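Overview (structure and organization)
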Amino acid sequence: MGVMNSSKDMSMIILSFTGTGTELNRRLCEKLIKNFQMEKDSNACTGYAPAKYAGEGILPLPDDKAALIGDRWGKAAYIFIGAAGIAVRYIAPWVKDKYTDSPVLVIDEKGNYVIPLLSGHVGGAAALADEVADMIGAVPVHTTATDVQGKFAVDVFARKNGLVITDREAAKKISAGVLNGEKVALYIEDCSVSVTGTPPEEIVLCSSFEETEKYNCRIIITDTLEQDMHARKSEVSETDREEDTLVLLSRNIAAGIGCRKEIEEAVLEKGFLEILTVNGLDIRQVKSIASIDLKKNEPALLRLCKKYSILFETYTAEELNGVSNVTVTSEFVKKVTGVDNVCERAARLSCGAGSMMQGKCIREGMTAALVKCPLEIIFKR
């Protein structure tokens with residue numbers, strides 16, 4: 001499974017337990033909807049409180065409070081207005097790890113302080129806490145070591161730049177190295193990747209993999225997990241430094257998929273994974289899957305995207321036909337859909353500035369094409 005989306009892109013569930021807290025609950029939900037441009041009629045922000053405080057947009061807390069948390073865990077951000085102990089008791093059965101946990105905030109009922117309690121970096125709770133605090137005029141309280149010391153946090157860096165952490169233990173060791181005052185070497189394999197901003201003082205940009213060997217901690221940004229990368233990681237094993245090498249995969253692949261109606265989920269997934277493997281890619285690198293709007297409710301496509309947390313987009317035949325450059329055409333497909341090549345056109349529309357990495361590739365009951373989107377690495381203090 002991939003890392004969860006930013007908390008801004010998730011639905012928000014706010015829980016309050018007193019009259020004062022519930023008034024804040026109402027105001028905050030309204031502000032979140034406005035600031036994050038959520039749809040008022042959707043479930044983007046839902047407030048809950050004891051029945052005697054509910055109403056005016058706030059729902060009564062259900063009897064099955066465990067289900068309220070568990071059913072949306074990892075898919076929604078939770079904001080508790082009240083004591084931190086209440087939040088801990090509510091979420092305790094569901095907490096697993098920071099890569100899959102929901103972001104959780106705690107706010108005192110007077111709205112003086114906002115604390116990112118869980119999934120601060122990967123889930124985006126720390127950034128959400130800052131924004132919520134700004135909305136209600138509160139003070140954000142951060143307790144994570146890298147935040148407190150103002151140090152480089154590799155999980156935040158990866159999330160903000162659309163990069164995939166391939167080794168959680170290595171990420172921990174990089175963070176430990178940073179906190180111990182070590183310099184971290186950073187090498188970007190693909191010379192076409194643009195870099196903007198000024199790297200923090202902990203980071204040393206290197207022009208080659210060999211240059212990174214001078215440092216105990218290193219980060220390699222690459223678009224492949226092929227054997228050559230593993231071989232080069234092993235080159236430093238004799239110095240006991242291999243475990244401090246973290247590979248970050250670029251998540252910049254837009255895929256276009258065409259498939260037969262009601263294709264089996266297993267067949268679609270198998271074919272798509274095969275095409276990715278042939279191109280030396282991991283499915284975690286896929287940022288979007290696109291198809292024709294005839295497939296907007298195709299169960300296998302929807303389940304594939306949900307399983308791997310991939311954005312699903314569809315386009316009309318008219319929009320797809322506006323793409324002029326395709327490698328092959330099919331009169332049969334055009335007769336059925338109105339488009340002679342769905343997968344390539346959809347992939348190009350999903351990432352207009354990208355380059356075709358894999359043209360139309362056929363597997364059982366489906367076709368796919370891959371476009372590599374431009375990648376920009378941004379440093380911000």
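Residues numbered from 1 in each chain as written. Predicted model: local features only at pLDDT ≥ 70, side-chain atom pairs only at ≥ 80, totals over all residues. Heavy atoms only, no water.

This brings us to the overall build of the protein chain. Per the secondary structure count, the protein chain includes 14 helices and 19 strands. Buried residues in the protein chain amount to 49% of all 381 residues. Restricting the contact set of the protein chain to residue pairs at least 6 apart, pairs at least 24 apart contribute 66%. Accessible area for the protein chain stands at about 18,200 Å²; split by element, carbon and sulfur atoms hold 49% of it. (Helix = DSSP H or I, 4+ residues; strand = E, 2+ residues; numbered from the N terminus. Buried < 20%, exposed > 50% of the residue type's maximum accessible area, 1.4 Å probe, protein only. Contact = heavy atoms within 4.5 Å. Areas by Shrake-Rupley, 256 points an atom, 1.4 Å probe, with all protein chains shown as cover.)

Our focus in this paragraph is the pattern of salt bridges. Counted by the stated rule, this structure contains 13 salt bridges. For Lys372, the salt bridge identified is with Asp223, shortest N-O distance 2.7 Å. Placement of Lys372 in strand E18 (residues 366–372) and of Asp223 in the loop between strand E12 (217–222) and helix H9 (227–234) is noted, with a sequence separation of 149 residues between them. Salt bridges sharing common partners tie together Asp190, Asp223 and Lys372. (Salt bridge = Lys/Arg side-chain N within 4 Å of Asp/Glu carboxyl O.)

All right, on to the nonpolar core then. Counting 25 residues, the largest nonpolar core has Ile257, Leu268, Phe272, Val286, Ile289 and Met366 as its most contacted members. For this core, the secondary-structure elements that each account for two or more residues are strand E14 (253–259), helix H10 (265–278), strand E15 (286–292), helix H11 (299–307) and E18. Element by element, the count of residues in this core is highest for H10, at 5 residues. Filtering out sequence-adjacent residues up to four positions away, Leu268 remains in contact with Ile257, Cys259, Ile263, Ala300, Leu301, Leu304 and Met366. (Core = buried A, V, L, I, M, F, W, Y, C linked by side-chain atoms within 4.5 Å.)

Here we come to the confidence of the model for the protein chain. When the pLDDT values of the protein chain are averaged, the result is 86; 88% of them are 70 or greater. Under a pLDDT of 50 for its full length, residues 1–6 has, in the predicted model, 18 contacts with residues more than four places off or in other chains. Scored below 50 in pLDDT, residues 236–243 shows 15 contacts in the model against residues more than four places distant or in partner chains. (pLDDT = per-residue confidence, 0-100.)

Judged by how many residues are buried, strand E9 (residues 184–188) sits mostly within the fold: 5 of 5 residues are covered. A two-sided burial pattern is seen for E9, the buried positions comprising Val184, Leu186 and Ile188 on one face and Ala185 and Tyr187 on the other. Sheet analysis places E9 next to E12, joined by 5 bridges and oriented parallel. In the strand pairing of E12, Val184 is matched with Cys217. The pairing of E9 with strand E11 (residues 203–206) spans 4 bridges and is classified as parallel. Residue pairing in the sheet places Leu186 in a bridge with Leu205 of E11. (Pairing = 2+ DSSP bridges.)

Right, let's get into the packing of aromatic side chains. Scanning the model with the defined rule gives 5 aromatic pairs in all. Taken together, the ring pairs in this structure connect Phe17, Phe80 and Tyr90 into an aromatic cluster. (Phe/Tyr/Trp six-rings, centres within 6.5 Å; stacked < 30°, edge-to-face > 60°.)

The next thing to look at is the environment of Ile86. With respect to the helices and strands, the residue Ile86 is situated in helix H3 (residues 84–91). Along the primary structure Ile86 and Val106 are separated by 20 residues, whereas in three dimensions their C-alpha atoms are 9.5 Å apart.

The subject of this paragraph is the packing of helix H1 (residues 19–35) against helix H4 (residues 125–136). Direction vectors running N to C along H1 and H4 enclose 115 degrees, while the axes themselves pass 10 Å from each other. One finds that H1 runs roughly perpendicular with respect to H4. The two elements H1 and H4 cross, and the hand of that crossing is right-handed. Of H4, the residues touching H1 (which contributes Leu24, Leu28, Lys31, Leu32 and Asn35) are Val132, Met135 and Ile136. (Axes fitted to C-alpha atoms, helices over the stretch in contact; angles between N-to-C directions. Parallel < 35°, antiparallel > 145°, perpendicular 65-115°, else oblique. Left-handed = near helix turned anticlockwise from the far one by under 90°.)

It is worth spelling out the pairing of strand E13 (residues 245–250) at this point. Burial runs high along E13: 6 of the 6 residues are buried. Summarising the sheet, E12 and E13 pair through 5 bridges and their orientation is parallel. Residue pairing in the sheet places Arg218 in a bridge with Thr245 of E13.

Right, let's talk about the sheet that holds E11 for a bit. What the 5 strands build is an open sheet, ordered E8-E13-E12-E9-E11; its pairing is mixed. Across the chains shown, the open sheet's two edge strands, defined by having one partner strand only, are strand E8 (163–165) and E11. Here the strands of the sheet are splayed against their neighbours by 25 degrees on average, with no regard to which way each runs. Most of the contacts of helix H7 (residues 168–179) go to E12, to which it runs at about 130 degrees, and overall it touches E8, E9, E12 and E13.

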